[in-house]
Amino acid sequence: MTSRLERITQQRLEKIKRIKASGIDPYPHRYHRRHTTEQSVALLGKQEASDKIEHLVVSVAGRVMAKRKMGKSAFFDIRDGSGKIQLLFQDINRYDENQIKLFNDLDIGDFIGVDGNLLRTKSGEPTVLVAEFTLLAKSLRPLPEKWHGLGDIDTRHRQRYLDLISNPEVRETFLVRSRVIAAIREFLGKRDFLEVETPVLQPSAGGALARPFITHHHALNQDFYLRIAMELHLKRLIVGGFDRVYELGRIFRNEGISTRHNPEFTMLESYQAYADYNDVMNMLEEMVSGIVKKVTGSYRVKFGEDTIDFKKPWQRLELRQAVAEYSGIDFVHYPDADLLRARMQEKGLEVDPEKDWPRLVDELISTFLEPKLVQPTFVRDYPVSMSPLAKRKPGQERVVERFEAFAGGMEIANAFTELNDPVEQRQRFVTQQKERAKEEETEVIDEDFLTALEYGMPPTGGLGVGIDRLVMLLTGQQSIREVILFPQLREKP
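Residues numbered from 1 in each chain as written. Predicted model: local features only at pLDDT ≥ 70, side-chain atom pairs only at ≥ 80, totals over all residues. Heavy atoms only, no water.

Per the stated rule, a full pass over the model turns up 10 aromatic pairs. When the ring of Phe-76 is compared with that of Phe-103, the centres are 5.5 Å apart and the planes differ by 20 degrees; the resulting orientation is stacked. Within this pair, whereas Phe-76 is found in strand β2 (residues 73-80), its partner Phe-103 is found in helix α3 (residues 97-104), the two being separated by 27 residues in sequence. For the pair Phe-76 and Phe-103, one class covers both residues: buried. On the basis of an interplanar angle of 85 degrees and a centroid distance of 5.2 Å, the ring pair of Phe-89 and Phe-133 is categorised as edge-to-face. Here Phe-133 lies in strand β5 (residues 126-137) and Phe-89 lies in strand β3 (residues 83-89), a separation of 44 residues in the sequence. Summarising the burial analysis for this pair, Phe-89 and Phe-133 share the class buried. The rings of Phe-76, Phe-89, Tyr-95, Phe-103 and Phe-133 are connected pair by pair, giving a single aromatic cluster. The ring centre of Tyr-95 lies 4.7 Å from the NZ or CZ of Arg-94, which sits over that ring. If you follow Arg-398 out to its NZ or CZ, it ends over the ring of Trp-357, 5.8 Å from the centre. (Phe/Tyr/Trp six-rings, centres within 6.5 Å; stacked < 30°, edge-to-face > 60°. Helix = DSSP H or I, 4+ residues; strand = E, 2+ residues; numbered from the N terminus. Buried < 20%, exposed > 50% of the residue type's maximum accessible area, 1.4 Å probe, protein only. Lys NZ or Arg CZ within 6 Å of the ring centre and 35° of its normal.)

Enumeration over the complete set of coordinates arrives at 40 salt bridges. The salt bridge involving Asp-105 is made with Arg-18; its shortest N-O contact spans 2.7 Å. One end of the pair, Asp-105, is in the loop between α3 and β4 (111-120); the other, Arg-18, is in helix α1 (residues 4-21), and 87 residues separate them in sequence. A residue is classified by how much of its surface remains accessible, and Asp-105, at 8% relative accessible area, is buried. Here Arg-18 falls in the partly exposed class, since its relative accessible area comes to 45%. Linking Asp-163 and Arg-156 is a salt bridge whose minimum nitrogen-to-oxygen distance equals 2.9 Å. With a relative accessible area of 0%, Asp-163 lands in the buried category. Linked through salt bridges whose partners overlap, the residues forming this network are Arg-12, Lys-15, Asp-107, Asp-110 and Lys-138. (Salt bridge = Lys/Arg side-chain N within 4 Å of Asp/Glu carboxyl O.)

Another point: the pairing of strand β12 (residues 300-303). Only one face of β12 is covered, namely the one carrying Val-301 and Phe-303; the face carrying Arg-300 and Lys-302 has none of its residues buried. Where β12 meets strand β13 (residues 306-309), 4 bridges bridge the pair, whose relative direction is antiparallel. Opposite Phe-303, over in β13, you have Asp-306 as the bridge partner. Taking the residues that link successive antiparallel strands as the turn, the β12-β13 hairpin has 2 residues, and the phi of Gly-304 there is positive, at about 65 degrees. (Pairing = 2+ DSSP bridges.)

Within the secondary structure, Met-283 sits in helix α8 (residues 277-296). With relative accessibility at 9%, the residue Met-283 sits in the buried group. For the pair Met-283 and Phe-187, spaced 96 residues apart in sequence, the C-alpha separation works out to 9.8 Å. In contact with Met-283, other than residues within four places in its own chain, are Phe-187, Leu-188, Phe-193, Ser-270, Gln-272 and Leu-463. (Contact = heavy atoms within 4.5 Å.)

Direction vectors running N to C along helix α6 (residues 168-190) and α8 enclose 135 degrees, while the axes themselves pass 10 Å from each other. By the criterion of interaxial angle, the relationship of α6 to α8 is oblique. For the pair α6 and α8, the sense of crossing is right-handed. Residues Val-176, Arg-179, Val-180, Ala-183, Ile-184, Glu-186, Phe-187 and Leu-188 of α6 form the contact with α8, whose own contacting residues are Met-283, Glu-286, Met-287, Ile-291, Lys-294 and Val-295. Residue classes in the contact of α6 with α8 are distributed as 10 nonpolar, no polar and 4 charged. (Axes fitted to C-alpha atoms, helices over the stretch in contact; angles between N-to-C directions. Parallel < 35°, antiparallel > 145°, perpendicular 65-115°, else oblique. Left-handed = near helix turned anticlockwise from the far one by under 90°. Nonpolar A, V, L, I, M, F, W, Y, C, P; charged D, E, K, R; others polar.)

Within the secondary structure, Thr-417 is located in strand β18 (residues 410-417). Side chain to side chain, Thr-417 and Glu-401 meet in a polar contact 2.7 Å long. (Polar contact = N/O pair within 3.5 Å; in protein donor to acceptor, adjacent residues only side chain to side chain.)

Moving on, we get to the sheet that holds strand β8 (residues 214-217). Pairing is antiparallel in the open sheet, where 3 strands are placed in the order β7-β9-β8. Since the sheet does not close on itself, it has two edges, and those belong to β7 (201-202) and β8, each with one partner. Of the strand pairs in this sheet, β7 and strand β9 (residues 222-226) are connected by 2 bridges, and their pairing is antiparallel. By the bridge assignment for β9, Leu-201 is matched with Leu-226.

Below, the structure written as structure tokens:
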């Protein structure tokens with residue numbers, strides 16, 4: 001027994017045979033449209049505002065999204081990348097025989113091109129009165145039923161093209177994403193940052209604590225890692241004499257999937273010579289608040305039940321005090337993992353017995369502090385054991401100059417005053433490797449990076465911003481999958 005989809009596909013294949021038999025190519029090589037749907041609507045509005053009486057002839061093209069027959073006439077809606085417009089086929093019988101046959105074989109989902117006069121119907125709808133039309137691409141599969149509301153989440157993520165066709169608000173999310181990235185480039189460009197590209201395939205996975213993806217290069221007969229951070233290569237460029245560099249690109253971490261985590265995600269990393277984490281903090285605050293205003297038209301955005309105000313200045317907290325306030329635990333008073341773990345268990349937390357002290361502190365942050373930071377907040381001055389690439393704070397042996405930025409109850413950025421002492425950097429790498437010898441998440445010793453530091457790196461402020469999470473905030477999305485065009489999904493059985 002054939003399915004409904006198979007029957008529709010077969011019917012459309014038969015239509016293609018008829019179209020070809022009439023001498024029409026159902027998939028022509030090109031079509032030179034002269035107007036987008038948005039431009040056409042704007043032209044009509046401009047003409048009406050001028051009170052000029054003249055025929056406006058346009059040439060538009062797009063996908064048929066709706067068909068409505070009314071006696072001998074028909075209305076179609078077509079959509080292109082800029083929007084939609086209504087078409088009026090007035091008295092279908094007035095077209096020539098081939099066009100009538102073609103009209104009868106058109107389906108929702110087909111791409112067509114039309115020429116005709118612009119007008120506004122009695123209901124106020126901008127409309128093209130079709131003089132001529134042509135088929136540009138025949139759709140074999142029907143659009144989802146109730147195409148205006150494709151709701152199945154798995155289908156939406158697996159077949160993003162259907163999601164984009166069916167849900168205009170999804171298109172808007174990714175338009176916002178594009179505008180955010182363009183605004184970041186504009187902001188950094190005006191401040192003399194140089195955009196660069198660093199390797200995705202790396203002989204060692206450094207710059208962060210994460211489990212990497214591993215691949216094999218056959219020509220070199222060598223294993224490589226998909227990068228887990230851009231940091232170490234970008235700092236090589238600071239050593240090489242570029243004072244301000246940044247990269248926008250993909251990062252890959254072989255870790256869990258959640259509403260806030262995807263195995264591949266987009267990061268902005270920037271490095272500025274002769275700067276520290278205070279300079280970076282001020283730059284990030286200015287950049288994000290300005291981008292929010294530019295992209296959304298306001299400093300305030302709705303995120304779930306909360307309204308987040310990105311206007312400067314943002315709240316600034318010291319990590320130790322903030323964790324103590326929200327969790328009731330001053331982690332400095334519990335200097336080893338066993339003591340801190342016992343105190344956390346007293347608070348009712350189920351604590352992994354394998355976690356070391358830095359990761360227990362991180363759990364305190366993620367459990368008690370992070371969910372409370374809805375408004376944009378800088379949390380600064382972290383334990384040195386949590387930050388092997390950051391410079392110690394003067395006069396505080398156990399604290400480094402590091403901040404994380406939070407908004408909407410999640411981390412959106414991480415920054416350091418970069419450690420530029422090659423001897424201390426090596427010591428930190430060695431110490432961490434010893435402490436986590438049996439774990440996959442450890443900072444590796446990148447010998448070439450250490451060699452670069454030995455040539456001298458000026459005082460430097462470094463920054464990492466999670467682009468996907470920033471876009472989540474600006475578009476009100478609660479899942480990272482909603483702001484990644486093609487998120488990672490488990491293969492269907």
